[in-house]
Amino acid sequence: MDTAFADTLTAWRRHLHAHPGLTLQEGDTAAFVVAKLREMGVEEITAGFAGHGVVATLRRGGGTGGGNRSVGLRGDMDALPIQEMNDGLPHRSTIPGVMHACGHDGHTTALLGAARLLLADPGWSGTVHLVFQPAEEGGGGAIGMVQEGLFQRFPMDRIFGWHNWPGLPAGTIAVHDKAVMAAGARFDIVFDGHAAHAALPHLSRDPMVAAGHCIVALQSVVGRNVDPLAGGVVSVTIVEGGEAQNQIPARVTLRGTARWLADSAGVTIKDGLHRVAHGIAATCGVEAAVNWRQGVEVTANHPAERDLAAAAAAAVAPLRRDVPPAMTGEDFSWFLKEVPGAFVWIGNGPAENGRELHNPRYDFNDEVLPVASGFLAEVAKRALAGG
């Protein structure tokens, strides 16, 4: 390992961890990215793309591939609205209530590292677009870039990305055959009834009872309607209703999320959620309104790019092909709907003592940075060579 390179990456990553930018507020992170690219000598940089996105382009003619191919590499930049609890960590977040609890500080740094490796390597030709994406954490960053013409302004034959994965040995790269991460939606179910004194329930139309039945009944949508091999989750995560302990409220709202690994399961879940909500409303004598908001699509690897990513991974690190997909979501899926590509996981080490994703004690494992940068550079070179 190049110790100086690893030390540089670690310093960059820790700076980003200490200075996180919330979704749609990544301006300082984007400025840091641009500054480091300029220091490397990168001239083609488009900042402020689809918000705070940055796209940097490396071009080289001659050599293997003839210079007529193009490839995209993506790293996401935004942090989460979580108060960090890593007391005593020298590089802990300096922004109250905001931290890099998902490792996007490491993803951004690894992409910068890949740029540095590619610039120092004369053995490739073609065009590499480095996509520093904003607003991955529910802010529509990927689809925003697509809608602003990412693939028209920066044509790419293929695109590759990655996510760190706690629980997978540090530096091990997992490549899935097809589905990597799930599609998702958020939903609200509003039950409207008639308020009354809690001691006189017969004068009410109780939305709280309807909401209680609905929370339980929604589990039957996946348990009894979705093929067990298709994968699905429905979780009610927020219940809002009531103002006084001695009043039956007029309205109760349920909020939650649904996830699935097959498109057919998504249709079944959406239809089932409407059916259950309205059926329970009719039974309880209240009204129901359902708001379903589609989020990310299934993140699924394309076959040729999957195999190329696996070959690149095996060249730089231990490779796993037996890791199951996760029900978490990833908006890289929007890029994969536009151009062929693959998305891999790189192990972050043991998920112990709160070192899970979206945990206030999470911290990216800096030992992974050279592996991640090496993978990105390697997969880009292989793609440009026609692998």
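Residues numbered from 1 in each chain as written. Predicted model: local features only at pLDDT ≥ 70, side-chain atom pairs only at ≥ 80, totals over all residues. Heavy atoms only, no water.

Peer 1: How would you sum up the overall build of the chain? Please name residues and give values.
Peer 2: The helix and strand inventory of the chain stands at 11 helices and 16 strands. For 387 residues, the compact-globule estimate of 2.2 N^0.38 gives 21 Å, and the C-alpha radius of gyration of the chain, at 23 Å, lies within 12% of that figure. Once the C-alpha set of the chain is aligned to its principal axes, its extents read approximately 80 × 45 × 35 Å. Within the chain, the fraction of its 387 residues that count as buried is 53%. Expressed as a percentage of contacts within the chain between residues at least 6 apart in sequence, the contacts between residues at least 24 apart total 81%. When the accessible surface of the chain is totalled, it reaches about 16000 Å², and 52% of it is carbon and sulfur. For the chain, the centre of its 30 positive side-chain charges and the centre of its 40 negative side-chain charges are spaced 3 Å apart. (Helix = DSSP H or I, 4+ residues; strand = E, 2+ residues; numbered from the N terminus. Rg over C-alpha atoms; globule rule 2.2 N^0.38 Å. Buried < 20%, exposed > 50% of the residue type's maximum accessible area, 1.4 Å probe, protein only. Contact = heavy atoms within 4.5 Å. Areas by Shrake-Rupley, 256 points an atom, 1.4 Å probe, with all protein chains shown as cover. Lys, Arg positive; Asp, Glu negative; His and termini not counted. Charge placed at Lys NZ, Arg CZ, Asp CG, Glu CD.)

Peer 1: Describe the sheet that holds strand β6 (residues 173-174), naming the residues involved and giving the relevant values.
Peer 2: If you walk across this open sheet you meet the 8 strands as β1-β2-β4-β3-β5-β16-β6-β14, and the pairing is mixed. Because the sheet does not close on itself, it has two edges, and the strands there are β1 (44-49) and β14 (319-320). For strand β2 (residues 53-60) and strand β4 (residues 126-133), the ladder comprises 7 bridges, and the chain directions are antiparallel. Within β4, the residue paired with Leu 58 across the bridge is Val 128. The sheet strands contacting helix α11 (residues 369-384) are β3 (70-76), β4, β5 (158-166), β6 and β16 (341-349), and the helix crosses β3 at an angle near 160 degrees. (Pairing = 2+ DSSP bridges. Axes fitted to C-alpha atoms, helices over the stretch in contact; angles between N-to-C directions.)

Peer 1: Explain the pattern of salt bridges to me, and be specific about the residues and the numbers.
Peer 2: Tallied over the full model, the rule gives 21 salt bridges. Between Arg 321 and Asp 177 there is a salt bridge, with its nearest N and O atoms 3.1 Å apart. Residue Arg 321 is located in the loop between β14 and β15 (326-329), and its partner Asp 177 is located in the loop between β6 and β7 (179-192); the two are separated by 144 residues in the primary sequence. The exposure class of Arg 321 is partly exposed, given its relative accessible area of 37%. A single network of salt bridges, built from pairs that share partners, joins Arg 13, Arg 14, Asp 105, Asp 363 and Asp 366. (Salt bridge = Lys/Arg side-chain N within 4 Å of Asp/Glu carboxyl O.)

Peer 1: Lay out the side chain of Glu 137 in plain terms, naming residues and giving numbers.
Peer 2: Relative to the helices and strands, Glu 137 resides in the loop between β4 and α4 (141-147). It turns out Glu 137 is buried and unbridged, and the closest side chain with the opposite charge, Arg 186, is 6.8 Å from it. Within the structure, Glu 137 has its side chain in polar contact with the side chain of His 358 (distance 3.5 Å). Not counting the four nearest positions on each side in its chain, Glu 137 is found in contact with Thr 23, Asp 78, Ala 79, Leu 80, Cys 102, His 104 and His 358. (Polar contact = N/O pair within 3.5 Å; in protein donor to acceptor, adjacent residues only side chain to side chain.)

Peer 1: Could you give an account of a nonpolar patch on the surface, with specific residues and numbers?
Peer 2: Among the surface-exposed residues, Ile 215, Val 216 and Val 239 lie close enough to one another that they form a single nonpolar patch of about 250 Å² accessible area. Here Val 216 shows up in helix α6 (residues 207-217). (Patch = residues over 30% accessible without salt bridge, like charges linked within 9 Å, V, L, I, M, F, W, Y side chains within 5 Å.)

Coordinates in, geometry out; function isn't part of it.
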